[in-house]
Amino acid sequence: MNFESFIEYGESAVFVIMIIASILAIAVVVERAIVFTKNTKDSKSLLSEIIETVRKGELSEAHKFTETHPENVYARFAGFSAEHSKKGKESLGELMEGKAIGERVEFETRLSILNTLGNNAPFIGLLGTVFGVINAFYRLGTLGNTGADVVMRTISTALLATAVGLAVAIPVVMANNYFTRKLKIIQANLDILSREFLASLSRK
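It should be emphasised that the depicted structure is a prediction, and the values quoted were computed from it without experimental measurement.

Scoring rules and cut-offs
- Residues numbered from 1 in each chain as written.
- Predicted model: local features only at pLDDT ≥ 70, side-chain atom pairs only at ≥ 80, totals over all residues.
- Heavy atoms only, no water.
- Helix = DSSP H or I, 4+ residues; strand = E, 2+ residues; numbered from the N terminus.
- Buried < 20%, exposed > 50% of the residue type's maximum accessible area, 1.4 Å probe, protein only.
- Salt bridge = Lys/Arg side-chain N within 4 Å of Asp/Glu carboxyl O.
- Phe/Tyr/Trp six-rings, centres within 6.5 Å; stacked < 30°, edge-to-face > 60°.

### Describing the overall build of the protein chain
And step 1. Check the secondary structure of the protein chain and you find seven helices and zero strands.
And step 2. Going from the N terminus to the C terminus, the protein chain shows its helices and strands as α-α-α-α-α-α-α.
And step 3. Dimensions of the protein chain, computed from C-alpha atoms along their principal axes, come out at roughly 90 × 30 × 20 Å.
And step 4. Expressed as a percentage of the 204 residues in the protein chain, the buried residues total 36%.

Okay, here's the thing in structure tokens:
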């Protein structure tokens, strides 16, 4: 394999990697969107109902939310907290903290893929541009002025690699930021529920 062929293979490899990255990113975004939607469906009204029930001191009644909303993260958390509420305030606090961490881990699954793609896609595209520019100068040195058209086409293809890298990275970063923000809201609401359960136990 000569130098020119190596550079051309490098350019092609970059575009193939970007296509694979795009497909992977779309798959992760769709999968995470489904997970977040299922776990937060009807959350606003459900949170209000759970908090109202807990403030009345009816901790055992929190189980009913798990039955009516089995896939909702707040219903699961309320059911778990109600189940362990008889173990005492200190023990329940530790258990709820562990449960909240477990839920966070579940939501963060595969988000690292989006983070990695968003951070590295521009650099992969830039690598393709570097390969293209090297190829253009190599052809310029080989063909001279007679190969100006070929060189210009090579440079335009090289710049396209950077554009593709940015086109992949920008929506991926936006999606990752969206899911991260949603996760912060979920964590905040779980913290609110934890405090409500502990406050209810303190009143007994």
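### Observations concerning the pattern of salt bridges
And step 1. Counted by the stated rule, this structure contains eight salt bridges.
And step 2. Ionic pairing is found between Lys-56 and Glu-52, a salt bridge with its closest N-O pair at 3.5 Å.
And step 3. Judged by relative accessible area, which is 55%, Lys-56 ranks as exposed.
And step 4. Between Glu-103 and Arg-76 there is a salt bridge, with the nearest N and O atoms lying 2.8 Å from each other. On the criterion of sequence distance, the pair formed by Glu-103 in helix 5 (residues 89–108) and Arg-76 in helix 4 (residues 73–83) is long-range, its members being 27 residues apart.
And step 5. Through salt bridges with shared partners, a single ionic network connects Glu-31, Arg-32 and Arg-110.

### A word on unusual backbone geometry
And step 1. Residues other than glycine seldom take positive phi values, yet Asp-42 does so here, at roughly 60°.
And step 2. Here Asp-42 lies in the loop between helix 1 (3–39) and helix 2 (43–55).
And step 3. For Asp-42, a relative accessible area of 45% translates into the label partly exposed.
And step 4. A positive phi is found at Arg-110, a non-glycine position, where the angle reads about 75°.
And step 5. Tracing the chain through its elements places Arg-110 in the loop between helix 5 and helix 6 (111–143).

### As for the packing of aromatic side chains
And step 1. The final tally for this structure, using the stated rule, is three aromatic pairs.
And step 2. Ring geometry for Phe-36 and Phe-107: centres 5.0 Å apart, planes at 50°, overall tilted. Here Phe-36 is found in helix 1, whereas its partner Phe-107 is found in helix 5, with 71 residues between them in sequence.
And step 3. Overall, Phe-36 belongs to the buried group, its relative accessible area being 2%.
And step 4. Through a chain of ring-to-ring contacts, three or more aromatic side chains come together here, namely Phe-36, Phe-107, Tyr-178 and Phe-179.

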